[in-house]
Amino acid sequence: MNEDIKKIINNLKVSYHSGHGDKLDKDFYNPLLKNCILYKRETGDFTSNVIFEWGEALLNVIDKPEGECAVKIIAAPNLREEDKNLLIDVMKNKQDEKYIEKITDNIFHEAFNLSSGNAENEIKLKIFAYLIIKKILILKFGFPKHIPRPGVFHPKAGVFYFDESLKVGFSGGANETHGGYVGNIERIDVYRNINHEDLHLNDIEEKFDLGWDGKAPGYITKKLNKKILSEISSYAPKSKDELKKQIAKFNKENSKTLGESISEENKKKLESLIKTKMT
């Protein structure tokens, strides 16, 4: 285990609150995501716009060797009102759950439409698609079934995994978006096992694994179907070098580079990524 990450974990605060001067991205998420080998996450609303923002948020793992790190996320699909009502009927009457796939597919189709003719959205979609197709980001959607007319899947928690069985868990309100990391006032509580076992961390981990495996009593999880994965694949660069070339091409052809349209922290990551010698 790198002594630097041990030092980072040891120096973590018990909580981070952006209303009290903490920078959730710089102080917590970025150094942990950069050094972890696995990240498990439960989070809230997943919309077409989140696809573009996650392409930015996960730049920390994009330049790692393939297979070195995986990000597993259970999220809530953001539904239109008519979809919510039809989903209630599907869950209540135990009808063909293929309708659930149609609902989640629509989120991606909307993202595809939003990227058409928008160079910035298109390059961010390509980053997101690359993460999905290379299985760096593995996404499932959560659908509540615990009451007759349920709301949405909305827990906010996660666990970062490192070598030597070290873990850092957290719970709190921030999403993987610029708003969640920077724009909003958010609080997260932090748990780690570097000095002793932490029961809060164990609980977050256990509940995530049950949900991921489809064994949670109050909700089901659905992975992306083959059809939508094929459509996402059509947007994904075939290799990391190809992705770098497309980011560099975007920056050359646009007066506003991708780095200028995102946070300063991630601008530096992009510059480093693009300048890496291509094989």
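No experiment lies behind these values; they were computed from the predicted model shown. (Residues numbered from 1 in each chain as written. Predicted model: local features only at pLDDT ≥ 70, side-chain atom pairs only at ≥ 80, totals over all residues. Heavy atoms only, no water.)

Focus: the overall build of the protein
Argument step 1. Across its full length, the protein holds 12 helices and eight strands.
Argument step 2. Out of the 279 residues in the protein, the part that is buried amounts to 49%.
Argument step 3. Look at the contacts in the protein between residues 6 or more apart in sequence, and 76% of them connect residues 24 or more apart.
Argument step 4. Approximately 14,100 Å² of the protein is accessible, and the part contributed by carbon and sulfur atoms is 48%. (Helix = DSSP H or I, 4+ residues; strand = E, 2+ residues; numbered from the N terminus. Buried < 20%, exposed > 50% of the residue type's maximum accessible area, 1.4 Å probe, protein only. Contact = heavy atoms within 4.5 Å. Areas by Shrake-Rupley, 256 points an atom, 1.4 Å probe, with all protein chains shown as cover.)

Side note on the side chain of Glu-205
Argument step 1. Among the structural elements, Glu-205 can be located in helix 9 (residues 199-212).
Argument step 2. Apart from residues lying up to four places away in sequence, Glu-205 is in contact with Val-159, Tyr-161 and Lys-167.

Details of the pattern of salt bridges
Argument step 1. All told, the structure shown has 10 salt bridges when counted by the stated rule.
Argument step 2. Linking Asp-22 and Lys-13 is a salt bridge whose minimum nitrogen-to-oxygen distance equals 2.6 Å.
Argument step 3. A residue is classified by how much of its surface remains accessible, and Asp-22, at 13% relative accessible area, is buried.
Argument step 4. Judged by relative accessible area, which is 40%, Lys-13 ranks as partly exposed.
Argument step 5. A salt bridge links Lys-207 to Asp-203; the nearest nitrogen and oxygen atoms lie 2.5 Å apart. Taken together, the positions of Lys-207 and Asp-203, both in helix 9 and four residues apart, correspond to about one turn of that helix.
Argument step 6. Note on Lys-207: relative accessible area 47%, which makes it partly exposed. (Salt bridge = Lys/Arg side-chain N within 4 Å of Asp/Glu carboxyl O.)

Some points on the sheet that holds strand 4 (residues 137-144)
Pairing between the strands of a sheet comes from backbone hydrogen bonds, and it takes one of two forms, parallel or antiparallel.
Argument step 1. The sheet built from eight strands is open, its strands ordered 1-7-6-5-2-3-4-8 with mixed pairing. Here the strands that pair on one side only, and so sit at the sheet edges, are strand 1 (15-17) and strand 8 (219-223). Averaged over all pairs of adjacent strands, the angle between strand axes in this sheet comes to 25°, irrespective of strand direction.
Argument step 2. Two elements, strand 6 (residues 167-172) and strand 7 (residues 187-192), share five bridges in a ladder whose sense is antiparallel. Its bridge partner being in strand 7, Val-168 is matched across the sheet by Arg-192. (Pairing = 2+ DSSP bridges. Axes fitted to C-alpha atoms, helices over the stretch in contact; angles between N-to-C directions.)

Some words on the confidence of the model for the protein
Argument step 1. Mean pLDDT over the protein works out to 81, with 76% of the residues at or above the 70 mark.
Argument step 2. Within the protein, the element-level pLDDT minimum falls on helix 5 (residues 81-93), averaging 59, and the maximum on helix 9, averaging 97. (pLDDT = per-residue confidence, 0-100.)

Focus on the packing of helix 7 (residues 119-133) against helix 10 (residues 226-235)
Argument step 1. Direction vectors running N to C along helix 7 and helix 10 enclose 125°, while the axes themselves pass 8 Å from each other. Here helix 10 runs oblique to helix 7, going by the angle between their axes. You can see that helix 7 and helix 10 cross each other, and the crossing is left-handed. Contacts between helix 7 and helix 10 involve Leu-125, Lys-126, Ala-129, Ile-132 and Ile-133 on the former and, on the latter, Leu-229, Ile-232, Ser-233 and Tyr-235.
Argument step 2. Residues that form the contact of helix 7 with helix 10 fall into these classes: seven nonpolar, one polar and one charged. (Parallel < 35°, antiparallel > 145°, perpendicular 65-115°, else oblique. Left-handed = near helix turned anticlockwise from the far one by under 90°. Nonpolar A, V, L, I, M, F, W, Y, C, P; charged D, E, K, R; others polar.)

Here's the deal with the pairing of strand 4
Argument step 1. Burial analysis of strand 4 places seven of its eight residues in the buried class, which makes it a mostly covered element.
Argument step 2. Note: strand 3 (residues 70-77) against strand 4, five bridges, orientation parallel. Bridging from a neighbouring strand, Lys-72 pairs with Ile-138 of strand 4.
Argument step 3. Note: strand 4 against strand 8, five bridges, orientation antiparallel. Opposite Pro-144, over in strand 8, you have Tyr-219 as the bridge partner.

A few points about helix 9
In an α-helix, one full turn covers 3.6 residues, which means residues spaced three or four apart are oriented alike.
Argument step 1. In this model, helix 9 (14 residues) spans 20 Å end to end at C-alpha, consistent with the 20 Å of a helix rising 1.5 Å per residue.
Argument step 2. Within the sequence span of helix 9, burial applies to Leu-201, Ile-204, Glu-205, Phe-208, Gly-211 and Trp-212. Looking straight down helix 9, one finds its buried side chains confined to an arc of 135°; they lie on one side.
Argument step 3. Capping the start of helix 9 is the job of one residue whose side-chain oxygen sits 2.9 Å from the backbone nitrogen of His-200: Asp-198.
Argument step 4. Following helix 9 by one or two positions, Gly-214 has its phi on the positive side, about 75°. (Expected span 1.5 Å × (residues − 1). Arc of directions from axis to C-beta. Polar contact = N/O pair within 3.5 Å; in protein donor to acceptor, adjacent residues only side chain to side chain.)

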